[in-house]
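Overview (structure and organization)
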Amino acid sequence: MLEKLKFEWFNQPGKNILAGTVVALALIPEAIAFSIIAGVDPMIGLYAAFIIASVTAIVGGRPAMISGAAGAVALIVTPLVKAYGVEYLFAATILMGLIQLLLGVLKVGRLMKFIPRSVMIGFVNALGIMIFMSQIEHIFGISIATYIYVLVTLLIVYIVPKFFKAIPAPLIAIIILTAIYMYTGANVRTVGDLGTIKQTFPHFLIPNVPFNLETFKIIFPYSLSMAIVGLVESLLTAKIVDHATNTYSSKNRESRGQGIANIVTGFFGGMGGCAMIGQSVINVKSGANSRLSTFTAGVLLIFMIIVLGDLVVQIPMPILAGIMVMVSIGTIDWKSFKFIKNAPKTDAVVMILTVIIVLMTHNLAIGVVVGVIFSALFFATKISKVHIDYEDLGAMKRFSFDGQIFFVSIDSIMNHLDFNISNSIVELDFSKAHLWDDSAVDAIDTIVEKFENGNNTVYVKNLNSDSHKIISELSKLNENHLT
């Protein structure tokens with residue numbers, strides 16, 4: 001236990017502190033932008049970024065993953081803030097955290113195994129596209145100097161790691177180009193142009209809302225939506241970081257950690273949040289592999305706001321936009337084109353559909369849920385084909401079933417049986433079939449009844465143990481039918 005704790009916190013501390021520094025700088029404009037989306041003061045997003053990153057570093061399940069104020073959550077709460085005000089947002093955030101904590105206790109992380117690879121690829125690609133699209137407003141139609149800063153940032157982030165890795169390339173770009181801006185005063189937008197940064201610490205508060213059923217009815221739909229969206233994004237991001245670092249993380253602990261972080265955030269005047277794929281990718285690509293990087297990002301964020309606020313507001317936005325563009329390029333799975341060509345058509349459709357839904361709704365969770373539903377429908381359709389062999393042995397007629405028998409395959413089976421047989425012995429051979437549900441049992445009852453209406457003697461043969469068990473529990477057939 002002690003060794004694990006030591007590894008999760010103090011493995012390569014220098015690399016992790018530097019990576020966390022880069023992420024802290026990247027978190028500031030994102031948190032401000034998401035605050036604007038939600039319709040709240042920029043400090044609410046910045047406090048959320050500081051608290052959520054710091055708390056999940058300690059209680060979360062995925063080392064090196066970055067959590068903070070998130071766009072998908074901000075979009076959900078916009079109507080709540082507009083209709084009822086910011087105090088209701090704090091209350092909804094606390095309830096969001098309680099729901100996530102409960103889901104973590106109920107081991108919701110187990111649901112991750114039901115997300116197919118095609119949906120994961122679609123999720124990653126949609127995310128890469130969204131990260132790029134979110135930077136367009138900070139790059140185009142501003143000034144020639146903006147294009148130059150973006151181009152130089154891209155070159156630094158791309159070229160420097162090939163020759164020098166001791167300091168993360170994004171941090172080098174931020175320091176050098178910010179210094180050049182402060183010296184030359186180029187015509188570019190800065191972090192300070194996004195919103196006012198107040199150099200004050202967050203303080204504990206209890207949301208100023210009536211503690212009654214009416215308030216619960218108002219905030220619960222928003223809290224539930226935030227909790228689900230936040231967990232879907234967090235657990236998928238954790239899975240992506242798992243893959244990038246070749247390590248495993250506890251998804252149930254991450255669910256509980258996200259819940260605890262959002263509860264604390266709500267009590268300190270922050271908005272709800274979740275894992276942030278863009279910042280997590282920056283963190284990992286900068287060499288992070290421990291909780292120290294996430295904790296550094298959170299603590300340095302509030303340090304920069306309180307102590308270095310006057311310098312932070314002078315960081316040119318095109319530098320941060322250029323870094324995020326490189327993140328988007330690295331996030332997109334460029335092998336997807338080969339996947340579309342070579343994968344089963346249904347998998348390719350699911351991947352493309354996931355991307356389209358995410359881009360249309362700007363909600364990663366909806367895209368993932370739709371992708372999983374369609375993947376399940378395609379899978380159910382694929383395995384619902386039951387092959388039936390018919391043998392006419394004179395007085396005996398044999399039907400041999402081969403496949404999975406459940407609610408989707410019933411109609412196909414009924415259409416392939418000849419119920420005009422009469423005065424014969426009919427054998428239904430299930431040696432190569434499996435009965436899965438009540439619909440399958442009801443179908444067998446119906447088949448036997450239809451054949452018996454033609455004055456036939458019907459036998460159900462060679463059921464495997466599970467199929468025999470479900471027949472004996474749910475079927476109207478007696479032992480004379482089963483052999």
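Above this text you will find the structure in question.
This one's a predicted model, so the numbers in the text were calculated from it and none came from an experiment.

Moving on: the packing of aromatic side chains. Under the criterion given, the structure shown has 12 aromatic pairs. Judged by centre distance (6.2 Å) and plane angle (50°), the ring pair of Phe374 and Phe378 falls under tilted. Here the residue Phe374 and the residue Phe378 both occupy positions in helix H17 (residues 364–383), the gap between them amounting to 4 residues, near one helical turn. Looking at Phe374, the relative accessible area reads 33%, which means it is partly exposed. Where Phe399 meets Phe451, the ring centres are 5.5 Å apart and the plane angle is 35°; that geometry is what we call tilted. Remark: Phe451 occurs in helix H19 (residues 438–452) and Phe399 occurs in strand E4 (residues 396–405); sequence separation between them is 52 residues. Residue Phe399 is classed as buried on the basis of its relative accessible area, which comes to 2%. Phe451 sits in the buried class, given a relative accessible area of 0%. Through successive ring pairs, a cluster of aromatic residues spans Tyr390, Phe399, Phe419 and Phe451. The positively charged end of Lys450 is found above the aromatic ring belonging to Phe419, 5.4 Å away from the centroid.

Attention shifts here to a nonpolar patch on the surface. Taken together, the side chains of Phe132, Met133, Ile136, Phe140, Ile144, Tyr147, Ile148 and Val152 present a nonpolar region at the surface, about 720 Å² in accessible area. Broken down by secondary-structure element, the contributors of at least two residues to the nonpolar patch are helix H6 (117–135) and helix H7 (144–159). Examining the composition of the nonpolar patch, we find that 4 residues originate from one element, H7, more than from any other. Along the chain, the position of Val152 falls in helix H7.

Attention shifts here to helix H8 (residues 169–184). The terminal C-alpha atoms of H8 lie 22 Å apart, and with 16 residues this matches the ideal 22 Å at 1.5 Å per residue to within 8%. Along H8, the residues that are buried comprise Ala169, Pro170, Leu171, Ile172, Ala173, Ile174, Leu177, Thr178 and Tyr181. One or two positions beyond H8, positive phi appears at Gly185, with a value near 65°.

Let us look at the nonpolar core. Counting residues in hydrophobic clusters, the biggest one holds 107 residues, and the most contacted among them are Ile28, Leu46, Val191, Ile197, Met271 and Leu301. With 11 residues, the top contributor of residues to this core is helix H2 (residues 13–38). If you look at the next biggest cluster of nonpolar residues, it comprises 29 residues, including Val386, Val448, Ile470 and Ile471.

Another aspect to go through is the packing of H8 against helix H14 (residues 317–331). The N-to-C vectors of H8 and H14 enclose an angle of 160°; their axes lie 10 Å apart at closest approach. Classified by the interaxial angle, the pair formed by H8 and H14 is roughly antiparallel. As for how H8 packs across H14, the hand of that crossing is right-handed. Contacts between H8 and H14 pair Pro170, Ala173, Ile174, Leu177 and Thr178 from the former with Ile319, Leu320 and Ile323 from the latter. Residues that form the contact of H8 with H14 fall into these classes: 7 nonpolar, 1 polar and no charged.

Attention now moves to the packing of helix H9 (residues 213–245) against H17. Contact geometry of H9 with H17 gives a least axis separation of 8 Å together with a crossing angle of 75°. As judged from the angle between their axes, H9 and H17 are roughly perpendicular. Seen from H9, the contacting residues are Val229, Val232, Glu233 and Leu236; seen from H17, they are Leu364, Ala365 and Val368. For the contact of H9 with H17, the per-class residue count stands at 6 nonpolar, no polar and 1 charged.

Another point: the sheet that holds E4. Taken in spatial order, the 4 strands make up an open sheet running E3-E4-E5-E6, and their pairing is mixed. Looking at the sheet topology across the chains shown, the edges are occupied by strand E3 (387–393) and strand E6 (457–461). Neighbour-to-neighbour, the strand axes of this sheet turn through a mean angle of 15°, independent of strand direction. Bridge count between strand E5 (residues 425–435) and E6: 5 bridges; the pairing is parallel. Bridge pairing in E6 links Leu428 to Val460.

So, how was this worked out
Residues numbered from 1 in each chain as written. Predicted model: local features only at pLDDT ≥ 70, side-chain atom pairs only at ≥ 80, totals over all residues. Heavy atoms only, no water. Phe/Tyr/Trp six-rings, centres within 6.5 Å; stacked < 30°, edge-to-face > 60°. Helix = DSSP H or I, 4+ residues; strand = E, 2+ residues; numbered from the N terminus. Buried < 20%, exposed > 50% of the residue type's maximum accessible area, 1.4 Å probe, protein only. Lys NZ or Arg CZ within 6 Å of the ring centre and 35° of its normal. Patch = residues over 30% accessible without salt bridge, like charges linked within 9 Å, V, L, I, M, F, W, Y side chains within 5 Å. Areas by Shrake-Rupley, 256 points an atom, 1.4 Å probe, with all protein chains shown as cover. Salt bridge = Lys/Arg side-chain N within 4 Å of Asp/Glu carboxyl O. Expected span 1.5 Å × (residues − 1). Core = buried A, V, L, I, M, F, W, Y, C linked by side-chain atoms within 4.5 Å. Axes fitted to C-alpha atoms, helices over the stretch in contact; angles between N-to-C directions. Parallel < 35°, antiparallel > 145°, perpendicular 65-115°, else oblique. Left-handed = near helix turned anticlockwise from the far one by under 90°. Contact = heavy atoms within 4.5 Å. Nonpolar A, V, L, I, M, F, W, Y, C, P; charged D, E, K, R; others polar. Pairing = 2+ DSSP bridges.

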